[in-house]
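# Structural overview for review
Given next are the chains, with one letter for each unit.
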Amino acid sequence: MTAIAQQAARRRTFAVISHPDAGKSTMTEALALHASAITEAGAVHGKAGRRGVTSDWMDLEKARGISITSAALRFEYRGHMFNLVDTPGHADFSEDTYRVLAAVDCAVMLLDAAKGMEPQTLKLFEVCRHRRIPVITFINKWDRPGREALELLDEIEERTGLRPTPITWPIGTGGFFHGVIDRIAGQSVRYTRTPGGATKAIETELTPEQALAEIGEDWERAKEEVDLLTEIGSDHDQKAFEAHESTPVLFGAALSNFGVGRLLDAMVDIAPAPAPRPDVKGDPRPLEEPFSGLVFKVQANMDPSHRDRIAFVRVCSGRFERGMVLTHAATGRPFATKYAQSVFGQERATIDEAFPGDVIGLVNATALRPGDTLYDGPAVEFPKIPSFAPEHFWTARVRDSSRSKQFRKGIEQMEGEGVVQVLRSDIRGDQSPVLAAVGPMQFDVVKHRLAGEFNTEIALDRLDFSLARLTDAESAPILARQRGVEVFTRTLDGALLALFTDEWRMRGVLRDHPDLVLEPLLADT
Ligand code: G4P
């Protein structure tokens, strides 16, 4: 095995995803703590009131207690290098999440034991299926009264079509969480809480005799359920997991660090390492080829004292060395990497080298956009990250016309970062572009950032559209004449988008003009 293949094989690049409140921030802390990236829970990722470094770069985040930015946390565990790519944690399903998922090899889906499948859980499972990302499911908050484990498995299977294959099974329910049976190791493990969950939970391995004597009935019941799972064939199957047909399931409580070590072990043992990524021609690029990387996120002004623009790049092949001069595939221009960093919230460290699976933050990345490729040596380009289907459309207008220039610049920047898409039409003119997003919170972000970073107040008005379809130059004039339809050019790529008030309106138009070109944007599929 080459040195690069060896390095890649010990990488695990993943995201923790969930419906809000299922415990993503808590899990991030717990993982980092377990892996000794930090010494005290809470120091990595905080919400309002906690010690946080991720969330306090932006007032809006503080006010709402949400995390808008995302970056990657690196830590080592059992000789493996983990890159935990953070996804935004707010209630909106955001375009950022799609992009982050383009950078990972595996996802950990958190479910709240009492709530099971929630709306965003389902949506995220769908996105993972679409992108063919294997999912490990972690049923969290098992320390609290919740649902039956078997019932939760049924729900996962019914709603996602994935076969759940528990690799740990909880001993005890409803606030009496004693530990787990590790089905792969064939062990019973008891957890003992440490005060406040501030340090790793204490794990004690029990022999069946000890488990029976010390835990009793709850253990016997768990054992029976485990036997049942074996009987019905719910065993981990690596091929099915990687083919996105099954999801390994673990049980735990991130808050008291129960089950988190087992999750990390599962990541080492079964989560896929970086593999050759197909380029635009569909040819997988071998890991040993010269450096190539995919920009999956661009973020400006993350830290007011830095005032910079960082592009987050997932290394796809080769070895990255700080100082390399790469080529930006979209423009053919050189890109110097003198300032390469790992970024997590406000913590930054210089990165000197990186391997497939790693995430690097490149500073001064003015020309880079999400979806761009950087490479060394012969040209290579990866497919663009599929653009999401916006469902919310607002017009933006500058309040003080003397700030028009800053307004234009600010909107351009938000578009470049992919915060919103910008749509224009002759009818509406340049002064009031239409902003499009998957979730309405993106508009708050634009407003807040224009005020904070460009000193420009804007007014936003909601438009009565909820559906966008791609169209062409022939269909556009016909569409523009229909009631409840407007046609725009997306400035980023020149695509023509027809906006409809709703699905019903679109069907009506199609009934009268069946030859019109109206194609769904990718995220609809
Ligand atoms: P999120 O990032 O997915 O939105 O969730 P977050 O980690 O903030 O967790 C949401 C709430 O659930 C928090 O409580 C958190 O403490 C709690 N929680 C997370 N994991 C567990 C767990 O394993 N067991 C129990 N019992 N609770 C858990 P909060 O009251 O909203 O916030 P806080 O005041 O505790 O910070």
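Structure first, text after, so check above.
Computed from a prediction, not measured in an experiment: that's the story for all the values here. (Residues numbered from 1 in each chain as written. Predicted model: local features only at pLDDT ≥ 70, side-chain atom pairs only at ≥ 80, totals over all residues. Heavy atoms only, no water.)

Attention now moves to the site of the ligand. Lining the immediate environment of the ligand, one finds 17 residues, of which Asp21, Lys24, Ser25, Thr26 and Asp143 sit closest. With respect to the ligand, the side chain of Asn140 contributes an N or O atom lying 3.1 Å from an oxygen atom. The side chain of Lys141 places a nitrogen or oxygen atom 3.0 Å from an oxygen atom of the ligand. In the complex, the protein chains occlude 72% of the 700 Å² of accessible area that the ligand would expose alone. (Near = heavy atom within 4 Å. Polar contact = N/O pair within 3.5 Å; in protein donor to acceptor, adjacent residues only side chain to side chain. Areas by Shrake-Rupley, 256 points an atom, 1.4 Å probe, with all protein chains shown as cover.)

Following the sequence through the fold, Arg183 ends up in the loop between β8 (179-182) and β9 (187-192). Residue classification places Arg183 among the buried positions, given a relative accessible area of 17%. Reaching out from Arg183, the side chain makes a polar contact with the backbone oxygen of Pro166 at a distance of 2.8 Å. Setting aside chain neighbours within four positions, we find Arg183 in contact with Pro166, Ile167, Thr168, Val226, Leu229, Thr230, Ser234 and Asp235. (Helix = DSSP H or I, 4+ residues; strand = E, 2+ residues; numbered from the N terminus. Buried < 20%, exposed > 50% of the residue type's maximum accessible area, 1.4 Å probe, protein only. Contact = heavy atoms within 4.5 Å.)

Summed over all chains, the structure comprises 11 aromatic pairs. Judged by centre distance (6.5 Å) and plane angle (40 degrees), the ring pair of Phe296 and Phe312 falls under tilted. Here the residue Phe296 occupies a position in strand β14 (residues 292-300), and Phe312 occupies one in strand β15 (residues 309-317), the gap between them amounting to 16 residues. Phe312 matches Phe296 in its accessibility class, with the two residues each being buried. An aromatic cluster is defined as three or more aromatic residues linked by ring pairs; in this entry it consists of Phe14, Phe75, Tyr77 and Phe82. (Phe/Tyr/Trp six-rings, centres within 6.5 Å; stacked < 30°, edge-to-face > 60°.)

On to the layout of surface pockets. Estimated volume of the largest pocket: approximately 670 Å³. Together, 23 residues line the largest pocket, and Val104, Arg131, Arg132, Arg277 and Pro278 are the ones closest to its centre. Looking at side-chain class alone, the lining of the largest pocket contains 15 nonpolar, 1 polar and 7 charged residues. (1 Å grid on protein atoms, 1.4 Å probe; cavity = no way out; pocket = protein on both sides within 12 Å on 5 of 7 lines; lining within 4 Å. Points joined across faces, edges and corners; volume = space filled by probe spheres on them. Nonpolar A, V, L, I, M, F, W, Y, C, P; charged D, E, K, R; others polar.)

This part takes up the nonpolar core. Among the nonpolar cores identified, the biggest contains 60 residues, and Ile17, Leu101, Ile139, Trp142, Trp169 and Phe296 are the most heavily contacted of them. Apart from the residues within four sequence positions on either side, Phe296 is in contact with Val85, Arg99, Val100, Ala103, Phe312, Val313, Arg314, Val359, Pro370 and Ile385. Formed by 29 residues, the second largest nonpolar core is a distinct cluster that contains Val16, Tyr77, Leu84 and Leu263. (Core = buried A, V, L, I, M, F, W, Y, C linked by side-chain atoms within 4.5 Å.)

Here we take up helix α10 (residues 260-270). With 9 of its 11 residues buried, α10 lies for the most part within the structure. Among the residues of α10, Val260, Gly261, Arg262, Leu263, Leu264, Ala266, Met267, Val268 and Ile270 are the ones counted as buried.

Adjacent strands of a sheet form backbone hydrogen bonds with each other and so pair up, either parallel or antiparallel. Strand order in this open sheet of 4 strands is β7-β8-β9-β10, and the pairing throughout is antiparallel. Across the chains shown, the open sheet's two edge strands, defined by having one partner strand only, are β7 (168-171) and β10 (202-206). Across the sheet, the axes of successive neighbouring strands diverge by a mean angle of 30 degrees, strand direction being ignored. Examined bridge by bridge, β9 and β10 share 5 bridges and lie antiparallel to one another. Bridge pairing in β10 places Ser188 opposite Leu206. Helix α8 (residues 217-231) rests against β7, β8 and β9 of the sheet, and its axis sits at about 155 degrees to β7. (Pairing = 2+ DSSP bridges. Axes fitted to C-alpha atoms, helices over the stretch in contact; angles between N-to-C directions.)

Turning to helix α5 (residues 119-131), a few remarks are in order. Taking 1.5 Å per residue as the helical rise, α5 with its 13 residues ought to reach 18 Å, and the 19 Å between its terminal C-alpha atoms agrees with that figure. Buried positions along α5 lie against β1 (11-18), α4 (95-101), β4 (106-112), β5 (135-140) and α6 (149-160). Downstream of α5 by a residue or two, Arg132 has a phi angle that is positive, lying close to 60 degrees. (Expected span 1.5 Å × (residues − 1).)

What follows covers the packing of helix α11 (residues 404-417) against helix α12 (residues 441-454). At their nearest, the axes of α11 and α12 sit 10 Å apart, and the two run at 125 degrees to each other. Classified by the interaxial angle, the pair formed by α11 and α12 is oblique. Pair α11 / α12 crosses with right-handed handedness. For the pair α11 and α12, the contacting residues are Gln406, Phe407, Lys409, Gly410, Ile411, Gln413, Met414 and Glu417 in the first and Val446, Arg449, Leu450, Glu453 and Phe454 in the second. Across the contact of α11 with α12, the residue classes tally to 6 nonpolar, 3 polar and 4 charged. (Parallel < 35°, antiparallel > 145°, perpendicular 65-115°, else oblique. Left-handed = near helix turned anticlockwise from the far one by under 90°.)

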